[in-house]
Amino acid sequence: MRKTMFILVVAAMVIATPLFAQTVIERHDFSSMGNWVPGPGDWSVSGNRLHQNDARAALARVDKSLAQQGVYQIDFNVRYIDGGYRSAQDLRNQHFHAGFGVQIGVSNPPLRRAAWGLGESYLLWLNLDTRPDTRRNYPQHFGVRAQVYESRSLTSMDLMRGPGVEALLGSPVMSVDIAEALYREFGFVLRVEDVLPYLHNEFPISIRVNTRTGEVGVKDPTAPIRFYFRLDPSVLRGDYIALRTNGLAASFSDFLATSR
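(A) Quick look at the packing of aromatic side chains. Tallied over the entire structure, the rule returns six aromatic pairs. On the numbers, 5.5 Å between centres and 50° between planes, the contact of Phe-30 with Trp-36 is tilted. Like Trp-36, Phe-30 is buried. A ring pair is formed by Trp-116 and Tyr-149, whose centres lie 6.5 Å apart and whose planes are at 85°; its orientation type is edge-to-face. On the criterion of sequence distance, the pair formed by Trp-116 in the loop between strand S8 (97–106) and strand S9 (121–129) and Tyr-149 in strand S10 (residues 143–151) is long-range, its members being 33 residues apart. Through a chain of ring-to-ring contacts, the aromatic side chains of Phe-30, Trp-36 and Phe-255 assemble into a single cluster.

Dropping the structure here:
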């Protein structure tokens, strides 16, 4: 599969990127929890990986203090472990629901406590939902989706809206149907069975953030290309980031934070 799930931003503006002169802020090999603070979910470290072991946790989250000023980049790997379906029947019918993402621009999170939102911040989210009820009642979430959530408080968070989103995507919310985008842009038909073989592979994540301009770049894991979109720079400056999962167990490795 040439394009992976982070084709989510094919509808965003592609900008040529200069070389990124990196200064390491923090490197973590997960030989211990270090300054990662586990919240909801079942978090542990083993084999130089950070594991979220509860495949049913809806608001699993681990927080990490990280100053987010200027231009910074976070890189890590994620691997699916289990979950994404409620029963053997759902598995046979390919009725899946699961997601994971990174919340950036967080300040003063409710450490070790559950929360829907995390104050003023953004959640960059990858969501898989193939349930018939979702198709019928919540089509903005159906399929393999790349989404940006705008958080306003601990209880208020929803898909990002605004005239800029409408102009960029032709949709009132920041929710890109990856399968539709692949077909429209490349004529490639993405099926659930195309995604499944990749679930147990290491999946590299690389996110670059400019807190001065609001520019966020997500790297295509299969090519040296970043896809860019813009968020509110005042919200992007924070003291914490969070890794989050919903309805699946996953593991993470080789975290690196750099700046320039």
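(B) Inspection of the nonpolar core at higher detail. Of all hydrophobic cores here, the largest spans 41 residues; its most connected members are Ile-74, Ile-104 and Leu-231. Here Ile-104 is in contact with Gln-68, Tyr-72, Ser-121, Tyr-122, Leu-124, Val-209, Leu-236 and Ile-241, once residues within four sequence places are set aside.

(C) Unusual backbone geometry, seen in detail. Although it is not a glycine, Asn-108 adopts a positive phi angle of roughly 50°. Secondary-structure assignment places Asn-108 in the loop between S8 and S9. Its identity as a non-glycine residue notwithstanding, Asp-254 has a phi of 50°, on the positive side. With respect to the secondary-structure elements, Asp-254 resides in strand S17 (residues 248–259). The class for Asp-254 is partly exposed, based on a relative accessible area of 45%.

(D) Up close: the side chain of His-141. Its place among the elements puts His-141 in the loop between helix H2 (132–137) and S10. Here the side chain of His-141 touches Gln-147 through a polar contact of 3.1 Å, side chain to side chain. In contact with His-141, not counting residues within four places along its chain, are Asn-127, Asp-129, Thr-134, Gln-147, Tyr-149 and Leu-159.

(E) Structural view of the side chain of Gln-103. Structurally, Gln-103 can be placed in strand S8. At a separation of 3.0 Å, a polar atom in the side chain of Gln-103 contacts the side chain of Ser-121. Polar contacts involving the side chain of Gln-103 include one to the side chain of Arg-244, which spans 2.8 Å. Non-local contacts of Gln-103, meaning those with residues more than four positions away in its chain, are made with Leu-118, Ser-121, Tyr-122, Leu-123, Ser-151, Met-157, Tyr-240, Ile-241, Ala-242 and Arg-244.

(F) A look at the environment of Ala-249. Relative to the helices and strands, Ala-249 is located in strand S17. The exposure class assigned to Ala-249 is buried, which follows from its relative accessible area of 2%. For the pair formed by Ala-249 and Ala-60, sequence separation is 189 residues and the distance between their alpha carbons is 9.3 Å. Leave out the neighbours within four places in its chain, and Ala-249 touches Gln-52, Asn-53, Asp-54, Ala-55, Tyr-80, Ile-81 and Asp-82.

(G) Structural view of the pairing of S9. The element S9 is largely enclosed, with a buried count of eight among its nine residues. Taken together, the nine bridges between S9 and S10 define a ladder with antiparallel strand orientation. Within S10, the residue paired with Tyr-122 across the bridge is Glu-150.

(H) Summary view of the environment of Arg-61. With respect to the helices and strands, the residue Arg-61 is situated in strand S6 (residues 60–68). The exposure class of Arg-61 is buried, given its relative accessible area of 0%. Separated by 185 residues in sequence, Arg-61 and Asn-246 place their C-alpha atoms 9.0 Å apart. Separated by 2.9 Å, the side chains of Arg-61 and Asp-63 make a polar contact. Within the structure, Arg-61 has its side chain in polar contact with the backbone oxygen of Arg-113 (distance 3.0 Å).

(I) Looking closely at the pattern of salt bridges. Within the structure shown, the criterion is met by 10 salt bridges. A salt bridge links Arg-61 to Asp-63; the nearest nitrogen and oxygen atoms lie 2.9 Å apart. Judged by relative accessible area, which is 0%, Asp-63 ranks as buried. Between Arg-136 and Asp-133 there is a salt bridge, with the nearest N and O atoms lying 2.3 Å from each other. Here Arg-136 pairs with Asp-133, and both are found in helix H2, just three residues apart, close to one helical turn. Owing to a relative accessible area of 46%, Asp-133 belongs among the partly exposed residues under this scheme. What you see here is one network of salt bridges that share partners, running through Arg-49, Arg-79 and Glu-202.

Reading the values: the criteria
Residues numbered from 1 in each chain as written. Predicted model: local features only at pLDDT ≥ 70, side-chain atom pairs only at ≥ 80, totals over all residues. Heavy atoms only, no water. Phe/Tyr/Trp six-rings, centres within 6.5 Å; stacked < 30°, edge-to-face > 60°. Buried < 20%, exposed > 50% of the residue type's maximum accessible area, 1.4 Å probe, protein only. Helix = DSSP H or I, 4+ residues; strand = E, 2+ residues; numbered from the N terminus. Core = buried A, V, L, I, M, F, W, Y, C linked by side-chain atoms within 4.5 Å. Contact = heavy atoms within 4.5 Å. Polar contact = N/O pair within 3.5 Å; in protein donor to acceptor, adjacent residues only side chain to side chain. Pairing = 2+ DSSP bridges. Salt bridge = Lys/Arg side-chain N within 4 Å of Asp/Glu carboxyl O.

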